[in-house]
Amino acid sequence: MKIRVKICGITSINDALNVCDSGVDAIGLVFYAKSPRNVSIPQASKICASLPPFVSSVGLFLNASTEFVDSVLASVPIDLLQFHGSESPEYCASFNHPYIKVIGMKDVDTFEKFDAIAKQYPDAQGFLVDSHATGKAGGTGQTFEWSNTPLDYEKPIILAGGLNPDNIASAIRQAPVYGYDLSSGVEQNPGIKDKQKIIQLMNEVQRVQCEQQ
């Protein structure tokens with residue numbers, strides 16, 4: 001199975017092009033004012049216009065107003081919404097746009113607890129699991145117990161939280177899920193990506209991919 005990678009927190013065209021050249025499947029744009037990786041609507045529009053074919057754009061929101069999400073969608077060609085807060089199922093589905101819901105795994109230590117939350121979002125395209133508490137902001141740079149990752153779930157699972165070029169191979173082997181999402185683990189500074197770390201990351205991903213074939 002193909003190992004899919006998303007690099008989140010893209011803030012410039014240069015970083016977008018660098019991660020695309022490395023072979024990632026998607027970039028993430030953060031629309032959350034308190035984040036050091038926050039982008040404005042004009043910034044995001046320019047970044048998306050620079051993307052090559054077959055690279056998806058994902059818009060990250062955390063408890064945003066409906067009006068704000070609508071304003072982003074009106075100006076930025078977002079392929080997939082990512083809801084990171086305590087958004088209700090009705091809210092997530094209200095935009096008539098594909099979305100994934102983030103589930104914080106800090107207190108979700110069993111499959112049954114995960115499944116109970118996930119079942120509330122029947123319209124979700126998939127679920128991103130991160131190390132923070134459910135409904136709280138992520139981006140902590142911390143990992144969680146990968147053995148708690150729901151495997152072979154009925155919908156795609158994306159693993160996030162403290163991933164970097166040094167541990168991505170272990171993460172893939174311990175939690176072989178649909179995709180992997182990184183941000184701070186491939187940065188020089190918050191919001192500024194490190195080209196060499198991204199190259200190292202994708203080399204590791206390709207190495208593991210070859211081992212599994």
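Since the structure is predicted, the reported quantities are computational estimates derived from the model, not experimental observations.

### Digging into the environment of W146
Assignment of secondary structure puts W146 in the loop between β6 (126-130) and β7 (157-160). As a C-alpha pair, W146 and K197 span 51 residues in sequence and 22 Å in three-dimensional space.

### Examining the packing of aromatic side chains
In the structure shown here, the tally under the stated rule is twelve aromatic pairs. Seen from their ring centres, F127 and Y153 are 6.4 Å apart, and the 75 degrees between their planes marks the pair as edge-to-face. Note that F127 is positioned in strand β6 and Y153 in the loop between β6 and β7, a separation of 26 residues in sequence. In this pair, the class of F127 matches that of Y153, namely buried.

### Quick word on the side chain of S22
Mapping S22 onto the fold places it in helix α1 (residues 13-22). A polar atom in the side chain of S22 sits 2.6 Å from the backbone oxygen of V19. Discounting residues that sit within four places of it in the chain, S22 has contacts with I198 and M202.

### Points about the sheet that holds strand β8 (residues 179-182)
Strand order in this closed barrel of eight strands is β1-β2-β3-β4-β5-β6-β7-β8, and the pairing throughout is parallel. In this sheet, neighbouring strand axes are inclined to one another by 25 degrees on average, regardless of whether the strands run parallel or antiparallel. Of the strand pairs in this sheet, strand β1 (residues 4-7) and strand β2 (residues 26-30) are connected by two bridges, and their pairing is parallel. From the neighbouring strand, I7 faces β2, where its bridge partner is I27.

### Let's talk about the side chain of D115
Looking at the element boundaries, D115 is found in helix α5 (residues 111-118). Owing to a relative accessible area of 18%, D115 belongs among the buried residues under this scheme. Side chain to side chain, D115 and Y153 meet in a polar contact 2.6 Å long.

### Quick word on helix α2 (residues 41-49)
The set of residues buried in α2 consists of A44, I47 and C48. Projection of α2 onto a plane perpendicular to its axis shows the buried side chains occupying an angular sector of 95 degrees, all on one side. In α2, the exposed residues that point more than 90 degrees away from the buried face are P42, K46 and A49. The elements touched by buried residues of α2 are α1, β2 and β3 (56-61).

### Concerning the pairing of β3
In terms of burial, β3 is a largely internal element, five of the six residues being buried. Relative to β3, β2 runs parallel, the two sharing five bridges. Each residue of the ladder has a partner; that of A26, found in β3, is S56. Regarding topology, α2 serves as the crossover connection from β2 to the parallel β3, and that connection is right-handed. Note: β3 against strand β4 (residues 80-83), four bridges, orientation parallel. The partner of F61 across the bridge, within β4, is F83. Running through helix α3 (residues 66-75), the crossover from β3 to the neighbouring parallel element β4 is right-handed.

What counts and how
- Every chain is numbered independently, its residues counted from 1 as its sequence is written.
- In keeping with the model being predicted, local features are shown solely for residues with a pLDDT of at least 70 and side-chain atom pairs are shown and tallied solely at 80 or more, while totals for entire chains, interfaces and linings include all residues.
- Each side-chain value is worked out from all heavy atoms of the structure, with water and hydrogens disregarded.
- Helix and strand assignments come from DSSP, with helices taken as H or I runs of at least 4 residues and strands as E runs of at least 2, each series counted from the N terminus.
- Two rings from Phe, Tyr or Trp (for Trp, the six-membered ring) form a pair when their centres are within 6.5 Å of each other. A pair whose planes differ by under 30 degrees is stacked, one over 60 is edge-to-face, and the rest are tilted.
- Burial classes: relative accessible area under 20% of the type maximum marks a residue as buried, over 50% as exposed, and values in between as partly exposed (1.4 Å probe, protein chains only).
- Side-chain atoms alone can form a polar contact between residues adjacent in sequence; in general such a contact is a pair of N or O atoms within 3.5 Å, and within protein one must be able to donate a hydrogen while the other accepts it.
- Two residues form a contact once any of their heavy atoms are found within 4.5 Å.
- Strand pairing is assigned whenever DSSP identifies at least 2 bridges connecting the two strands.
- Angles shown run from 0 to 180 degrees and are taken between the N-to-C directions of axes, each axis being a line fitted to C-alpha atoms and, for helices, limited to the stretch in contact.
- Taken from the helix axis, the directions to the C-beta atoms give the arc we talk about.
- Orient the strands so they point away from the viewer, and a crossover whose first-strand-to-second-strand path over the helix runs clockwise is right-handed.

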